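The residues making up each chain are set out below.
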Amino acid sequence: MLTTAPKGTKDIMPDQIYKWHYVEKKFRDIAERYGYSEIRTPVFEHTELFTRSVGDTTDIVQKEMYTFTDLGNRSITLRPEGTASAVRAFLEHKVYANPQPTKLYYETACYRYEKPQSGRLREFHQFGVEVFGAESMLADAEIISLASEFLKECGIDDLKLKINSVGCPVCREKYKNALKDYFRPHLADLCDTCKDRFERNPMRIIDCKSPQDKELALGAPSILDYLCDDCKASFEELKENLDALGIDYEIDPTIVRGLDYYTKTAFEFVTEKIGAQGTVCGGGRYDNLMYEIGEQDVPGVGFGLGIERLLLLMENIGVEIPEPEAMDALIVVLGEDARTMGLKITNELREKGLKVEMDLMERNIKGQMKHADRLGVRYAVVIGDDEILNGEAQVRDMRISEQMSVPFSKLYEKLSK
Ligand code: ATP
Ligand code: MG
């Protein structure tokens, strides 16, 4: 127990972290190029925020939340996704009083009590964006374009974009009735979860992962045949915008998303290259969420992109992520005086911007040279009593095994070449 991390969590060890830095930098860059600002919110929130916003008929709220009572007797939940917190912060800080839109991005850890498997963890990480205040389908197209460009810049070109419209409460009501009419004769064949969904949230049956329910869902009526005029026009507009941007998509009426607050646009970027959990990015519009939480009529649209699944996909399709550059130099010291001089020189070179180390194990010279090899440093800078006397170090170029004397004052110049 003491030396094993909890089930469904993963350490990101130093030899892997460069991959995270790589995609984090790319995401930050592209989000800022699109005019989004970063938001950071707490890891935990009042439980009610999620039961309200995520919806109490969803898997997340019904069985996946990390909820506990804190010492002040409050019900607290570790965030299972990023949207609710961003919405809460937007309302709390009355950002809606400013001219809109508000365009936000974030990177967050999310917590869901799920059955761990490939691409499914209990602690996982998401990149996300949210646009608040814009009703126009330009916003939906913009975030899809942001996700699509980001994935392209990560070297991924085989993700399929699937889009759908889940309508609004008006058209959904009619659709839900049609769905119930369709599933009613098969009610006994549905899985237990879907039997429960039948009354409470029949659209979720279409999203069910059980093979038998999936099969049944194939013949179910399509939401697209039930859209009201406004939702239909919005969907057409979205498609036109995507066409104008040259973004390929497939219309998939079975994408309903797991969350209740979605309206109109729903989309996913999916792949077959990472096994059963093939959705790398999922998002959509949620025009009714702000009202639900804070009685403000502010539309919203956003996505969440799973970083573990992204990295898994990059690995599986062989994207080469550049490894971090090696240290510039190891300062190798012989004797007490050299050690003091070495400390000073190490510090000076670091201050000037070089990546320099001294051996903290106080090995002998042979051990230090071996260490230099292990580190893969470009130069070993050897300082002993003679060198201190002459005011110069022996600089060994580890790649070509050549050595030369360099005055202490010229070290930076030599090493930075
Ligand atoms: P799924 O259908 O895979 O359960 P979801 O609909 O629950 O996904 P969202 O809530 O839309 O997922 O989250 C957005 C993204 O976060 C997903 O597309 C996926 O990449 C990632 N994600 C969701 N749950 C997990 C998890 N348990 N472990 C790792 N990544 C996850
Ligand atoms: Mg899920």
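It should be noted that the structure appears before, not after, this text.
Residues numbered from 1 in each chain as written. Chains lettered and ligands numbered in written order. Predicted model: local features only at pLDDT ≥ 70, side-chain atom pairs only at ≥ 80, totals over all residues. Heavy atoms only, no water.

Peer 1: I'd like a rundown of the nonpolar core, residues and numbers included.
Peer 2: Counting residues in each nonpolar core, the largest one holds 81 residues, and the members touching the most others are Phe150, Phe303 and Leu310. Top contributing element to this core by residue count: helix 5 (residues 137-153), with 9 residues. Beyond its immediate stretch of four places on either side in the chain, Phe303 contacts Phe27, Tyr106, Phe127, Gly128, Val129, Ile143, Leu146, Ala147, Phe267, Cys281, Gly282 and Gly283. In this structure, Leu354, Val381, Val406 and Leu411 belong to the second largest nonpolar core, which totals 18 residues. (Core = buried A, V, L, I, M, F, W, Y, C linked by side-chain atoms within 4.5 Å. Buried < 20%, exposed > 50% of the residue type's maximum accessible area, 1.4 Å probe, protein only. Helix = DSSP H or I, 4+ residues; strand = E, 2+ residues; numbered from the N terminus. Contact = heavy atoms within 4.5 Å.)

Peer 1: Describe the site of ligand 1, naming the residues involved and giving the relevant values.
Peer 2: Around ligand 1 sit 16 residues, and of these Arg112, Glu114, Leu121, Arg257 and Arg309 come closest. Interatomic distance of 2.9 Å between a backbone N/O atom of Leu121 and a nitrogen atom of ligand 1. Lys209 is positioned with one of its side-chain polar atoms (N or O) 3.4 Å from an oxygen atom of ligand 1. Alone, ligand 1 offers 580 Å² of accessible surface; in the complex the protein occludes 90% of this. The set of elements that each furnish at least two residues to the shell around ligand 1 consists of strand 6 (123-132), strand 10 (279-285) and strand 11 (300-306). Ranked by the residues each element gives to the shell around ligand 1, the list is headed by strand 10, at 4 residues. Residue composition of the shell around ligand 1, by class: 4 nonpolar, 6 polar and 6 charged. (Near = heavy atom within 4 Å. Polar contact = N/O pair within 3.5 Å; in protein donor to acceptor, adjacent residues only side chain to side chain. Areas by Shrake-Rupley, 256 points an atom, 1.4 Å probe, with all protein chains shown as cover. Nonpolar A, V, L, I, M, F, W, Y, C, P; charged D, E, K, R; others polar.)

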